[in-house]
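Summary of the model geometry
Now for the letters of each chain:
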Amino acid sequence: MNPPVFLAMICLGTASAAPTADHSLGAQWNQWKAEHGKTYELGDETQRREMWEGNMKKIELHNREYSQGKYGFTMAMNAFGDMTHEEFRQVMNGFQNKKHKKGKVFPEPVFLEVPASVDWREKGAVTPVKNQGQCNSCWAFSATGALEGQMFRKTGKLVSLSEQNLLDCSEPHGNFGCSGGLMDNAFQYVKDNGGLVTEESYPYEAEVGSCKYNPKYSAASVTGFVDVPVQEEALMKAVAAVGPVSVGIDMSRDSFQFYKEGIYFEPNCSSHDVDHGVLVVGYGFEGAESDNNKYWLVKNSWGEKWGMNGYIKMAKDRNNHCGIASLASYPLV
(Lines give C-alpha, C1' and ligand atoms only; values in the text may rest on other atoms or scores of the structure.)
Protein backbone atom coordinates (compact mmCIF):
# COMPACT_ATOMS: atom_id res chain seq x y z
CA MET A 1 0.00 0.00 0.00
CA ASN A 2 1.22 3.47 -0.78
CA PRO A 3 1.70 5.80 2.20
CA PRO A 4 -0.98 8.45 2.73
CA VAL A 5 0.72 11.51 1.33
CA PHE A 6 -0.69 14.88 0.28
CA LEU A 7 1.27 16.77 -2.35
CA ALA A 8 1.51 20.53 -1.96
CA MET A 9 4.19 21.61 -4.31
CA ILE A 10 5.32 24.68 -6.18
CA CYS A 11 8.01 22.65 -7.92
CA LEU A 12 10.71 25.23 -7.70
CA GLY A 13 14.04 24.94 -5.93
CA THR A 14 16.67 26.38 -3.63
CA ALA A 15 19.03 29.25 -4.14
CA SER A 16 21.77 31.15 -2.36
CA ALA A 17 22.74 34.78 -2.57
CA ALA A 18 26.03 36.27 -3.71
CA PRO A 19 27.28 39.18 -1.64
CA THR A 20 27.88 41.72 -4.45
CA ALA A 21 27.03 42.09 -8.13
CA ASP A 22 29.55 40.73 -10.64
CA HIS A 23 29.75 43.36 -13.38
CA SER A 24 31.10 40.84 -15.87
CA LEU A 25 27.73 39.08 -15.76
CA GLY A 26 25.70 42.18 -16.66
CA ALA A 27 24.99 41.15 -20.26
CA GLN A 28 23.97 37.63 -19.20
CA TRP A 29 21.70 39.03 -16.50
CA ASN A 30 19.93 41.33 -18.97
CA GLN A 31 19.59 38.50 -21.48
CA TRP A 32 18.14 36.20 -18.79
CA LYS A 33 15.61 38.85 -17.72
CA ALA A 34 14.52 39.37 -21.31
CA GLU A 35 14.24 35.63 -22.02
CA HIS A 36 12.04 34.97 -19.00
CA GLY A 37 10.10 38.24 -18.99
CA LYS A 38 11.45 39.32 -15.61
CA THR A 39 10.74 42.82 -14.30
CA TYR A 40 11.32 44.07 -10.76
CA GLU A 41 10.17 46.84 -8.49
CA LEU A 42 12.63 49.67 -7.95
CA GLY A 43 15.24 48.54 -5.42
CA ASP A 44 14.41 44.85 -5.75
CA GLU A 45 16.52 44.10 -8.81
CA THR A 46 19.86 44.33 -6.98
CA GLN A 47 18.82 41.64 -4.50
CA ARG A 48 17.37 39.42 -7.24
CA ARG A 49 20.53 39.74 -9.30
CA GLU A 50 22.68 38.71 -6.34
CA MET A 51 20.56 35.58 -5.89
CA TRP A 52 20.81 34.88 -9.61
CA GLU A 53 24.59 35.27 -9.55
CA GLY A 54 24.86 32.91 -6.61
CA ASN A 55 22.92 30.31 -8.55
CA MET A 56 25.03 30.89 -11.66
CA LYS A 57 28.18 30.15 -9.65
CA LYS A 58 26.59 27.07 -8.10
CA ILE A 59 25.66 25.79 -11.55
CA GLU A 60 29.15 26.46 -12.92
CA LEU A 61 30.74 24.60 -9.99
CA HIS A 62 28.43 21.63 -10.48
CA ASN A 63 29.21 21.44 -14.19
CA ARG A 64 32.96 21.58 -13.52
CA GLU A 65 32.54 18.66 -11.11
CA TYR A 66 30.38 16.89 -13.72
CA SER A 67 33.25 17.15 -16.20
CA GLN A 68 35.47 15.53 -13.56
CA GLY A 69 33.06 12.60 -13.29
CA LYS A 70 31.51 13.49 -9.93
CA TYR A 71 27.95 13.72 -11.30
CA GLY A 72 25.98 12.06 -14.08
CA PHE A 73 23.92 15.12 -15.00
CA THR A 74 24.46 18.76 -15.86
CA MET A 75 22.74 21.90 -14.60
CA ALA A 76 21.77 25.11 -16.39
CA MET A 77 20.26 28.49 -15.53
CA ASN A 78 16.50 28.68 -16.07
CA ALA A 79 13.44 30.73 -15.08
CA PHE A 80 13.90 29.91 -11.37
CA GLY A 81 17.31 31.56 -11.07
CA ASP A 82 16.34 34.51 -8.86
CA MET A 83 14.75 32.50 -6.04
CA THR A 84 16.18 32.10 -2.55
CA HIS A 85 16.25 28.98 -0.41
CA GLU A 86 14.00 30.73 2.10
CA GLU A 87 11.39 31.50 -0.55
CA PHE A 88 11.45 27.89 -1.62
CA ARG A 89 10.89 26.66 1.93
CA GLN A 90 7.97 29.07 2.33
CA VAL A 91 6.16 27.80 -0.73
CA MET A 92 6.74 24.23 0.46
CA ASN A 93 5.09 24.88 3.85
CA GLY A 94 1.75 23.70 2.46
CA PHE A 95 2.98 20.10 2.41
CA GLN A 96 0.73 17.95 4.59
CA ASN A 97 0.08 14.30 5.27
CA LYS A 98 -3.54 13.48 4.54
CA LYS A 99 -5.50 10.27 4.44
CA HIS A 100 -7.01 9.58 1.05
CA LYS A 101 -9.12 6.92 -0.55
CA LYS A 102 -7.04 3.94 -1.67
CA GLY A 103 -7.17 2.61 -5.19
CA LYS A 104 -7.16 -0.97 -6.35
CA VAL A 105 -3.93 -2.90 -5.92
CA PHE A 106 -1.92 -3.23 -9.11
CA PRO A 107 -2.53 -6.63 -10.72
CA GLU A 108 0.93 -7.55 -11.98
CA PRO A 109 0.74 -9.15 -15.45
CA VAL A 110 1.74 -12.79 -15.11
CA PHE A 111 3.17 -13.43 -18.56
CA LEU A 112 4.43 -9.94 -19.36
CA GLU A 113 7.78 -9.82 -21.14
CA VAL A 114 9.11 -6.52 -19.81
CA PRO A 115 11.09 -4.68 -22.51
CA ALA A 116 14.46 -3.14 -21.67
CA SER A 117 13.17 0.30 -22.62
CA VAL A 118 9.81 2.02 -23.14
CA ASP A 119 8.89 5.50 -24.37
CA TRP A 120 5.17 6.21 -24.58
CA ARG A 121 5.87 9.46 -26.44
CA GLU A 122 6.87 7.36 -29.44
CA LYS A 123 3.51 5.58 -29.28
CA GLY A 124 1.58 8.87 -29.32
CA ALA A 125 0.27 8.65 -25.75
CA VAL A 126 1.84 11.83 -24.32
CA THR A 127 0.76 15.45 -24.84
CA PRO A 128 3.32 18.28 -25.17
CA VAL A 129 4.98 19.55 -21.99
CA LYS A 130 2.83 22.03 -20.06
CA ASN A 131 3.69 24.75 -17.55
CA GLN A 132 2.02 25.04 -14.14
CA GLY A 133 3.42 28.54 -13.47
CA GLN A 134 3.38 29.97 -9.96
CA CYS A 135 0.78 27.52 -8.64
CA ASN A 136 1.16 24.37 -6.52
CA SER A 137 -0.71 22.36 -9.12
CA CYS A 138 1.73 19.71 -10.32
CA TRP A 139 -0.66 17.08 -8.89
CA ALA A 140 -3.20 18.16 -11.51
CA PHE A 141 -0.70 17.96 -14.38
CA SER A 142 0.46 14.53 -13.26
CA ALA A 143 -3.15 13.34 -13.09
CA THR A 144 -4.14 14.68 -16.51
CA GLY A 145 -0.99 13.15 -18.03
CA ALA A 146 -1.88 9.68 -16.78
CA LEU A 147 -5.50 10.07 -17.85
CA GLU A 148 -4.52 11.39 -21.28
CA GLY A 149 -2.41 8.27 -21.78
CA GLN A 150 -5.19 5.92 -20.73
CA MET A 151 -7.78 7.64 -22.93
CA PHE A 152 -5.35 7.42 -25.85
CA ARG A 153 -4.95 3.69 -25.30
CA LYS A 154 -8.74 3.31 -25.15
CA THR A 155 -9.75 5.53 -28.08
CA GLY A 156 -6.63 5.92 -30.22
CA LYS A 157 -6.95 9.72 -29.89
CA LEU A 158 -4.66 11.96 -27.84
CA VAL A 159 -6.63 14.83 -26.30
CA SER A 160 -5.14 17.37 -23.88
CA LEU A 161 -7.22 17.46 -20.69
CA SER A 162 -7.97 20.39 -18.39
CA GLU A 163 -5.91 20.92 -15.24
CA GLN A 164 -8.00 24.01 -14.52
CA ASN A 165 -11.09 21.78 -14.29
CA LEU A 166 -9.32 19.88 -11.50
CA LEU A 167 -8.10 23.03 -9.74
CA ASP A 168 -11.53 24.68 -9.69
CA CYS A 169 -13.75 21.66 -9.03
CA SER A 170 -12.01 18.92 -7.01
CA GLU A 171 -11.68 20.57 -3.60
CA PRO A 172 -14.55 18.45 -2.18
CA HIS A 173 -12.41 15.42 -3.03
CA GLY A 174 -9.48 16.61 -0.92
CA ASN A 175 -7.53 18.84 -3.30
CA PHE A 176 -6.71 22.49 -2.65
CA GLY A 177 -6.07 24.01 -6.04
CA CYS A 178 -2.87 26.05 -6.02
CA SER A 179 -2.19 24.97 -2.44
CA GLY A 180 -1.61 21.34 -3.37
CA GLY A 181 -3.39 18.09 -4.00
CA LEU A 182 -3.04 14.43 -4.82
CA MET A 183 -3.38 12.54 -8.08
CA ASP A 184 -5.61 9.83 -6.60
CA ASN A 185 -8.00 12.51 -5.34
CA ALA A 186 -8.10 13.92 -8.87
CA PHE A 187 -8.93 10.49 -10.31
CA GLN A 188 -11.68 10.06 -7.71
CA TYR A 189 -13.14 13.46 -8.66
CA VAL A 190 -13.27 12.54 -12.36
CA LYS A 191 -14.99 9.25 -11.48
CA ASP A 192 -17.59 10.87 -9.22
CA ASN A 193 -18.07 13.84 -11.53
CA GLY A 194 -18.65 11.66 -14.56
CA GLY A 195 -15.97 13.27 -16.68
CA LEU A 196 -13.13 15.75 -17.26
CA VAL A 197 -13.21 18.35 -20.02
CA THR A 198 -10.64 19.30 -22.64
CA GLU A 199 -7.83 21.79 -22.15
CA GLU A 200 -9.20 23.77 -25.09
CA SER A 201 -12.64 24.21 -23.51
CA TYR A 202 -11.33 25.00 -20.00
CA PRO A 203 -7.82 26.54 -20.37
CA TYR A 204 -5.26 26.78 -17.60
CA GLU A 205 -5.05 30.05 -15.62
CA ALA A 206 -2.59 29.15 -12.80
CA GLU A 207 -5.08 30.31 -10.18
CA VAL A 208 -8.24 28.89 -8.71
CA GLY A 209 -11.64 30.12 -9.86
CA SER A 210 -15.23 28.97 -9.64
CA CYS A 211 -16.04 25.53 -11.02
CA LYS A 212 -17.17 25.82 -14.65
CA TYR A 213 -17.38 22.14 -15.62
CA ASN A 214 -19.58 21.56 -18.66
CA PRO A 215 -20.31 17.91 -19.50
CA LYS A 216 -20.70 18.90 -23.17
CA TYR A 217 -16.91 19.19 -23.40
CA SER A 218 -16.03 16.07 -21.42
CA ALA A 219 -13.27 14.05 -23.10
CA ALA A 220 -12.35 11.53 -20.41
CA SER A 221 -13.98 9.36 -17.78
CA VAL A 222 -12.65 7.23 -14.94
CA THR A 223 -14.04 4.03 -13.41
CA GLY A 224 -11.45 3.82 -10.62
CA PHE A 225 -7.72 3.96 -10.06
CA VAL A 226 -4.86 1.64 -9.21
CA ASP A 227 -2.09 2.12 -6.64
CA VAL A 228 1.18 0.53 -7.70
CA PRO A 229 3.18 -1.21 -4.92
CA VAL A 230 6.21 0.67 -3.61
CA GLN A 231 8.66 -1.28 -5.77
CA GLU A 232 10.51 -0.13 -8.85
CA GLU A 233 9.98 -3.51 -10.50
CA ALA A 234 6.20 -3.11 -10.10
CA LEU A 235 6.40 0.43 -11.45
CA MET A 236 8.36 -0.81 -14.46
CA LYS A 237 5.73 -3.47 -15.18
CA ALA A 238 2.97 -0.90 -14.86
CA VAL A 239 4.66 1.54 -17.24
CA ALA A 240 5.39 -1.25 -19.73
CA ALA A 241 1.92 -2.81 -19.65
CA VAL A 242 -0.41 0.08 -18.86
CA GLY A 243 1.12 3.36 -20.04
CA PRO A 244 2.24 6.63 -18.40
CA VAL A 245 1.96 6.49 -14.60
CA SER A 246 1.53 9.32 -12.08
CA VAL A 247 4.26 9.38 -9.41
CA GLY A 248 5.43 11.53 -6.53
CA ILE A 249 9.11 12.41 -6.13
CA ASP A 250 11.41 14.37 -3.85
CA MET A 251 12.48 17.47 -5.78
CA SER A 252 13.64 19.51 -2.80
CA ARG A 253 17.33 19.60 -3.76
CA ASP A 254 18.57 22.69 -5.56
CA SER A 255 20.23 20.49 -8.16
CA PHE A 256 16.74 19.47 -9.31
CA GLN A 257 15.75 23.09 -9.74
CA PHE A 258 18.49 23.63 -12.32
CA TYR A 259 18.66 20.15 -13.87
CA LYS A 260 19.55 20.23 -17.57
CA GLU A 261 20.37 16.75 -18.89
CA GLY A 262 21.81 13.35 -17.99
CA ILE A 263 20.67 10.82 -15.38
CA TYR A 264 19.66 12.58 -12.18
CA PHE A 265 21.16 10.94 -9.12
CA GLU A 266 21.32 13.05 -5.97
CA PRO A 267 22.81 11.28 -2.91
CA ASN A 268 20.74 13.40 -0.51
CA CYS A 269 17.43 12.74 -2.28
CA SER A 270 14.80 11.09 -0.05
CA SER A 271 13.36 7.71 -0.98
CA HIS A 272 10.10 8.34 0.91
CA ASP A 273 9.47 12.09 1.45
CA VAL A 274 7.81 13.04 -1.84
CA ASP A 275 6.72 16.62 -2.56
CA HIS A 276 6.14 16.88 -6.32
CA GLY A 277 3.80 15.17 -8.76
CA VAL A 278 5.15 14.16 -12.18
CA LEU A 279 4.52 11.57 -14.88
CA VAL A 280 6.67 8.54 -15.76
CA VAL A 281 6.30 8.08 -19.53
CA GLY A 282 8.98 5.42 -19.96
CA TYR A 283 12.34 4.06 -18.91
CA GLY A 284 15.62 2.94 -20.45
CA PHE A 285 19.39 3.04 -20.11
CA GLU A 286 22.34 4.93 -21.53
CA GLY A 287 25.15 2.97 -23.16
CA ALA A 288 25.54 -0.59 -21.87
CA GLU A 289 22.80 -1.66 -19.46
CA SER A 290 24.04 -1.51 -15.88
CA ASP A 291 22.72 -0.45 -12.50
CA ASN A 292 24.21 3.03 -12.73
CA ASN A 293 22.93 4.04 -16.16
CA LYS A 294 19.28 3.00 -16.02
CA TYR A 295 16.72 5.79 -15.88
CA TRP A 296 13.06 6.64 -15.58
CA LEU A 297 11.87 9.03 -18.30
CA VAL A 298 9.82 11.65 -16.46
CA LYS A 299 7.60 14.43 -17.79
CA ASN A 300 7.59 17.56 -15.62
CA SER A 301 5.19 20.51 -15.71
CA TRP A 302 7.62 23.45 -15.69
CA GLY A 303 7.58 24.18 -19.41
CA GLU A 304 9.96 23.12 -22.17
CA LYS A 305 12.81 25.43 -21.10
CA TRP A 306 13.48 23.33 -17.99
CA GLY A 307 15.57 20.15 -18.22
CA MET A 308 15.53 18.12 -21.42
CA ASN A 309 12.77 20.08 -23.16
CA GLY A 310 10.64 19.64 -20.05
CA TYR A 311 11.77 16.08 -19.21
CA ILE A 312 14.22 14.54 -16.77
CA LYS A 313 15.95 11.18 -16.66
CA MET A 314 15.85 10.00 -13.05
CA ALA A 315 18.02 7.19 -11.68
CA LYS A 316 16.29 3.80 -11.90
CA ASP A 317 16.82 0.67 -9.80
CA ARG A 318 18.86 2.56 -7.20
CA ASN A 319 16.84 1.95 -4.05
CA ASN A 320 13.73 3.88 -5.07
CA HIS A 321 15.78 7.01 -5.69
CA CYS A 322 13.91 10.24 -4.86
CA GLY A 323 10.92 8.08 -3.90
CA ILE A 324 9.80 7.61 -7.48
CA ALA A 325 7.95 4.36 -6.67
CA SER A 326 6.49 5.60 -3.38
CA LEU A 327 3.28 7.15 -4.72
CA ALA A 328 2.63 5.63 -8.15
CA SER A 329 -0.90 5.30 -9.53
CA TYR A 330 -2.96 5.42 -12.71
CA PRO A 331 -6.64 5.75 -13.58
CA LEU A 332 -8.91 3.05 -14.94
CA VAL A 333 -11.00 4.11 -17.93
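Our subject in this report is the structure included herewith. (Residues numbered from 1 in each chain as written. Predicted model: local features only at pLDDT ≥ 70, side-chain atom pairs only at ≥ 80, totals over all residues. Heavy atoms only, no water.)

With that settled, the discussion passes to the state of the cysteines. What makes a disulfide is a covalent bond joining the sulfur atoms belonging to two cysteines. Under the defined criterion, the tally for this structure stands at three disulfides. Paired by a disulfide, C135 and C178 hold their sulfur atoms 2.0 Å apart. The S-S bond linking C135 to C178 shows a torsion near -95 degrees; that makes this disulfide left-handed. In this pair, C135 is assigned in the loop between β3 (118-119) and α4 (138-155) and C178 in the loop between α5 (163-169) and α6 (183-193), connecting sequence segments 43 residues apart. Accessibility classification places C135 together with C178 in one group, the buried group. For the protein chain, the bonded cysteines pair up as 1-3, 2-4, 5-6 when numbered in the order they occur along the sequence. (Disulfide = S-S within 2.5 Å. Helix = DSSP H or I, 4+ residues; strand = E, 2+ residues; numbered from the N terminus. Buried < 20%, exposed > 50% of the residue type's maximum accessible area, 1.4 Å probe, protein only.)

Each regular strand carries side chains that alternate between the two faces of the sheet. Because side chains alternate across strand β6 (residues 224-227), one face comprises the buried residues G224 and V226, and the other comprises F225 and D227, equally buried. Looking at chain direction, β6 and strand β12 (residues 329-332) are connected through four bridges and run antiparallel. Across the sheet, V226 pairs through a bridge with Y330, a residue of β12. (Pairing = 2+ DSSP bridges.)

Close contact between helix α1 (residues 26-36) and helix α2 (residues 45-67) brings their axes to 11 Å; oriented N to C, the two are set at 105 degrees. What the angle tells us is that α1 and α2 run roughly perpendicular. Judged by residue contacts, G26, Q28, W29, W32 and K33 of α1 engage E45, R48, R49, W52 and M56 from α2. Counted by class, the contact of α1 with α2 contains four nonpolar, two polar and four charged residues. (Axes fitted to C-alpha atoms, helices over the stretch in contact; angles between N-to-C directions. Parallel < 35°, antiparallel > 145°, perpendicular 65-115°, else oblique. Contact = heavy atoms within 4.5 Å. Nonpolar A, V, L, I, M, F, W, Y, C, P; charged D, E, K, R; others polar.)

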